Amino acid sequence: FAIAIVAIIALVVYLFAHSYQMMRIITWWDPWPYSQSSGYQTVQSYIAVGSGGVFGQGMGTGISKFNYLPEAHTDFAFAVIAQEWGLIGAVTVLFLFCSLLSVGVKTAVRCRDRFGTFLALGITFSLCGQGLINMAMVTGIVPVVGVPLPFISYGGSSLILNIISVTFLLRISYDNFCEAEAGLADVEQEPF
């Protein structure tokens, strides 16, 4: 209980330490009065996501990416997907990240060594956490932060790191498969 109280107090002090941090929270709660200043990104993101409808406006036909939505190619790439591909495209991206989460957790659970388990969980939660935070930011569930959407947002260094991370995850999965095959071969060779 004491640790929770200290953590809450530290969070409140952190939020009120700088004016831009408090303004970010205020803008997150109600961005419409600040639609021409600090809430501009959030409002334009809402417009882009809402204008997509169920089926979207069509690939390449969304207008928010043309000087309306700042950072449409990086932090707000999900808003452009939702505008051009609609709810179906947004749910597809969410499904792909949930699939990555499922495969990563299964890989970690099947791993026989602790290092591989923790590495697989860390990679999985890092990639999926970034994706879910970005989608939550674009839809207004959390305040706007500079988190890119893995594999989709523009950025060379981020993409390279994500590919290396998935390569490690695939290698852990491959090692799990090889160990399981070796275990089955040993069982088959034992005499009765």
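Description of the structure in this document. (Residues numbered from 1 in each chain as written. Predicted model: local features only at pLDDT ≥ 70, side-chain atom pairs only at ≥ 80, totals over all residues. Heavy atoms only, no water.)

Focus on a nonpolar patch on the surface
Part 1 of the reasoning: Together, Val54, Phe55, Leu87, Ile88 and Val91 line one region of the surface with nonpolar side chains, adding up to about 500 Å² of accessible area.
Part 2 of the reasoning: Here Val54 lies in the loop between α3 (40-51) and α4 (77-110). (Patch = residues over 30% accessible without salt bridge, like charges linked within 9 Å, V, L, I, M, F, W, Y side chains within 5 Å. Areas by Shrake-Rupley, 256 points an atom, 1.4 Å probe, with all protein chains shown as cover. Salt bridge = Lys/Arg side-chain N within 4 Å of Asp/Glu carboxyl O. Helix = DSSP H or I, 4+ residues; strand = E, 2+ residues; numbered from the N terminus.)

As for the nonpolar core
Part 1 of the reasoning: Core analysis: the biggest nonpolar cluster contains 16 residues, and Leu69, Phe78 and Val93 have the highest contact counts within it.
Part 2 of the reasoning: Top contributing element to this core by residue count: α4, with 8 residues.
Part 3 of the reasoning: Dropping the residues within four chain positions of it, Val93 is found in contact with Phe78, Ile81, Met135, Leu149 and Ile152.
Part 4 of the reasoning: By size, the runner-up hydrophobic cluster in this structure holds 9 residues, among which are Cys111, Ile123, Cys128 and Leu169. (Core = buried A, V, L, I, M, F, W, Y, C linked by side-chain atoms within 4.5 Å. Buried < 20%, exposed > 50% of the residue type's maximum accessible area, 1.4 Å probe, protein only. Contact = heavy atoms within 4.5 Å.)

Topic: unusual backbone geometry
Part 1 of the reasoning: One non-glycine residue, Asn67, lies in positive phi territory at about 65°.
Part 2 of the reasoning: Structurally, Asn67 can be placed in the loop between α3 and α4.
Part 3 of the reasoning: Take Asn67: its relative accessible area is 76%, and that puts it in the exposed class.
Part 4 of the reasoning: Phi angles above zero are rare outside glycine, and Phe151 is one such case at about 70°.
Part 5 of the reasoning: Within the fold, Phe151 resides in the loop between α5 (114-138) and α6 (156-189).
Part 6 of the reasoning: We classify Phe151 as partly exposed; its relative accessible area is 37%.

Digging into the side chain of Gln83
Part 1 of the reasoning: Tracing the chain through its elements places Gln83 in helix α4.
Part 2 of the reasoning: At 3.2 Å, the side chain of Gln83 and the side chain of Ser64 are in polar contact.
Part 3 of the reasoning: With residues near it in sequence (within four places) discarded, Gln83 still touches Ala48, Ser51, Gly52, Gly56, Gln57, Gly62, Ile63 and Ser64. (Polar contact = N/O pair within 3.5 Å; in protein donor to acceptor, adjacent residues only side chain to side chain.)

A closer look at the packing of α4 against α5
Axes are the key here: two packed helices are described by the angle between their axes and the distance separating the axes.
Part 1 of the reasoning: One can describe the packing of α4 onto α5 by two numbers: an axis separation of 9 Å at closest approach and a directional angle of 160°. One element, α4, and the other, α5, form an angle in the roughly antiparallel class. Crossing of α4 over α5 shows left-handed handedness. Within the contact between the two elements, α4 uses Phe78, Ala79, Val93, Leu94, Phe97, Leu100, Leu101, Gly104, Val105, Thr107 and Ala108 and α5 uses Thr117, Ala120, Leu121, Thr124, Phe125, Leu127, Cys128, Gly131, Leu132, Asn134, Met135 and Val138.
Part 2 of the reasoning: Here the residues of the contact of α4 with α5 sort into 17 nonpolar, 6 polar and no charged. (Axes fitted to C-alpha atoms, helices over the stretch in contact; angles between N-to-C directions. Parallel < 35°, antiparallel > 145°, perpendicular 65-115°, else oblique. Left-handed = near helix turned anticlockwise from the far one by under 90°. Nonpolar A, V, L, I, M, F, W, Y, C, P; charged D, E, K, R; others polar.)

Quick word on the packing of aromatic side chains
Within a pair of aromatic rings, the relevant descriptors are the distance that separates the centres and the angle that separates the planes.
Part 1 of the reasoning: Under the defined criterion, the tally for this structure stands at 2 aromatic pairs.
Part 2 of the reasoning: Look at Trp28 and Trp29: their rings are 4.9 Å apart centre to centre, the planes differ by 45°, and that puts the pair in the tilted class.
Part 3 of the reasoning: A residue is classified by how much of its surface remains accessible, and Trp29, at 64% relative accessible area, is exposed.
Part 4 of the reasoning: A centroid spacing of 6.1 Å and a plane angle of 40° characterise the contact between Trp32 and Tyr46, whose relative ring orientation is tilted. In this pair, Trp32 sits in the loop between α2 (19-29) and α3 while Tyr46 sits in helix α3, placing the two residues 14 residues apart along the sequence.
Part 5 of the reasoning: Note on Trp32: relative accessible area 47%, which makes it partly exposed. (Phe/Tyr/Trp six-rings, centres within 6.5 Å; stacked < 30°, edge-to-face > 60°.)

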